[in-house]
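One letter stands for each residue in the lines below.
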Amino acid sequence: NAGVTQTPKFQVLKTGQSMTLQCAQDMNHNSMYWYRQDPGMGLRLIYYSASEGTTDKGEVPNGYNVSRLNKREFSLRLESAAPSQTSVYFCASSDGVGPYEQYFGPGTRLTVT
Amino acid sequence: QKEVEQNSGPLSVPEGAIASLNCTYSDRVSQSFFWYRQYSGKSPELIMSIYSNGDKEDGRFTAQLNKASQYVSLLIRDSQPSDSATYLCAVNLPPGNTPLVFGKGTRLSVIA
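Caption draft 1: Just the interface of chain B and chain A, in detail. The interface is formed by 20 residues belonging to chain B together with 22 residues belonging to chain A. For the pair chain B and chain A, the summed buried surface comes to about 1,500 Å²; carbon and sulfur atoms form 60% of the total. Broken down residue by residue, the surface that chain B buries against chain A is led by N97, P99 and F102 of chain B, which jointly contribute 33%. Counting across the chain B and chain A interface gives zero salt bridges. One can count four residue pairs in polar contact (both at pLDDT 80 or more) joining chain B with chain A.

And the structure:
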């Protein structure tokens, strides 16, 4: 089992460019999450999907969109990247049944210049 | 606002000592509690979970939960330099299938 995988590992974008971060899990989990992590700010939830077919905003959704493509895959899109979106992005999943522990992917380090 | 508070550290302990990491949470109805370890440049890794009052031991790690006082702690016995990392406390709130609320983490440094 690979667990939670993310692509790409690193990305450099220019301001205004768009890109999609991919996440997949092979644990048959129902719920998936996107976080960003910045120095001193901790993990901040961007969007989550409690189950296939649903998505909800988290703490910092502005500038992002998500798609729950199927039960395995949950993508995060930046339509017009800004320097403020420079961060490390983590995808996570949980079974959604209980006790709700989350498992994280390896992360994507994104730099917007 | 649901909050999870941790001392940011750094907490420095000598090798072989007990490291004690603390976390308080604001919501009395919190149900499940987790500790994650995050090495620099890596993703958070789940190391302990606890759901009822008292202690739960796993190897050198002991999680302690006191719901009346709304705190959860992690003890690391015989600390090793390889334990040097940031430790994140996370709390699950009812109704259950909602995202965990994370603290900002405590940085632990174990000095050889």
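Caption draft 2: Broad picture of the packing of aromatic side chains. Counted under the stated rule, the structure contains 11 aromatic pairs over all chains. With a centroid separation of 5.7 Å and an interplanar angle of 85°, the aromatic rings of Y35 of chain A and F102 of chain B are classed as edge-to-face. Note that Y35 of chain A is positioned in strand β4 (residues 31–38) and F102 of chain B in strand β10 (residues 101–102), a pairing that runs across two chains. Take Y35 of chain A and F102 of chain B: they sit in the same class, and that class is buried.

Caption draft 3: Spotlight on the pairing of strand β11 (residues 108–112) of chain A. Residue and element names in this part refer to chain A. Burial of β11 is one-sided: the residues T108, L110 and V112 facing one way are buried, the residues R109 and T111 facing the other way are not. Bridging between strand β2 (residues 10–13) and β11 involves four bridges; their strand directions are parallel. Within β11, the position partnered with F10 by the bridge is R109.

Caption draft 4: Representation of the layout of surface pockets. Looking at the largest pocket, its volume works out to about 830 Å³. Lining of the largest pocket is provided by 31 residues; of these, Q37 of chain A together with Q38, Y39, S40 and G41 of chain B occupy positions nearest its centre. Of all elements in the fold, only β4, β9 (87–94) and β11 of chain A together with β9 (85–92) and β11 (106–111) of chain B reach the threshold of two or more residues within the lining of the largest pocket. At three residues, β9 of chain A tops the list of elements feeding residues into the lining of the largest pocket. A breakdown of the residues in the lining of the largest pocket according to their chemical character gives nine nonpolar, 16 polar and six charged.

Caption draft 5: Broad picture of the pattern of salt bridges. All names here are of chain A. Summed over all chains, the structure comprises six salt bridges over all chains. Between R44 and D38 there is a salt bridge, with its nearest N and O atoms 2.8 Å apart. Among the residues examined, R44 registers a relative accessible area of 17% and is labelled buried. Between E79 and R77 there is a salt bridge; the shortest N-O distance is 3.1 Å.

Caption draft 6: Looking closely at the nonpolar core. Core analysis: the largest hydrophobic core is formed by 25 residues, its most contacted members being W35, V72, L74, I76 and Y87 of chain B. Once residues within four sequence positions are removed from consideration, I76 of chain B is found in contact with A17, I18, A19, L21, R60, F61, D83, Y87 and L108 of chain B. Among the nonpolar cores identified, the runner-up in size contains 20 residues, and F74, L78, Y89 and V112 of chain A belong to it.

Caption draft 7: Highlighting the state of the cysteines. Within the structure shown, the criterion is met by two disulfides over all chains. A disulfide bridge connects C23 of chain A with C91 of chain A, and the sulfur atoms are separated by 1.9 Å. Between C23 of chain A and C91 of chain A, the S-S dihedral sits near -70°, and the bridge is therefore left-handed. Taken together, the residues span a long stretch of sequence, with C23 of chain A in strand β3 (residues 19–25) and C91 of chain A in strand β9 at a distance of 68 residues. When sorted by exposure, C23 of chain A lands in the same class as C91 of chain A, which is buried. Covalent S-S linkage joins C23 of chain B and C89 of chain B, the inter-sulfur distance amounting to 2.1 Å. One quick way to see it: the torsion about the S-S bond of C23 of chain B and C89 of chain B is about -70°, and its sign makes the bridge left-handed. Residue C23 of chain B is located in strand β3 (residues 19–25), and its partner C89 of chain B is located in strand β9; the two are separated by 66 residues in the primary sequence. Just as C23 of chain B is buried, C89 of chain B falls in that class too.

Parameters and conventions
Residues numbered from 1 in each chain as written. Chains lettered and ligands numbered in written order. Predicted model: local features only at pLDDT ≥ 70, side-chain atom pairs only at ≥ 80, totals over all residues. Heavy atoms only, no water. Contact = heavy atoms within 4.5 Å. Buried area = accessible area lost by both parts, 1.4 Å probe. Salt bridge = Lys/Arg side-chain N within 4 Å of Asp/Glu carboxyl O. Polar contact = N/O pair within 3.5 Å; in protein donor to acceptor, adjacent residues only side chain to side chain. Phe/Tyr/Trp six-rings, centres within 6.5 Å; stacked < 30°, edge-to-face > 60°. Helix = DSSP H or I, 4+ residues; strand = E, 2+ residues; numbered from the N terminus. Buried < 20%, exposed > 50% of the residue type's maximum accessible area, 1.4 Å probe, protein only. Pairing = 2+ DSSP bridges. 1 Å grid on protein atoms, 1.4 Å probe; cavity = no way out; pocket = protein on both sides within 12 Å on 5 of 7 lines; lining within 4 Å. Points joined across faces, edges and corners; volume = space filled by probe spheres on them. Nonpolar A, V, L, I, M, F, W, Y, C, P; charged D, E, K, R; others polar. Core = buried A, V, L, I, M, F, W, Y, C linked by side-chain atoms within 4.5 Å. Disulfide = S-S within 2.5 Å.

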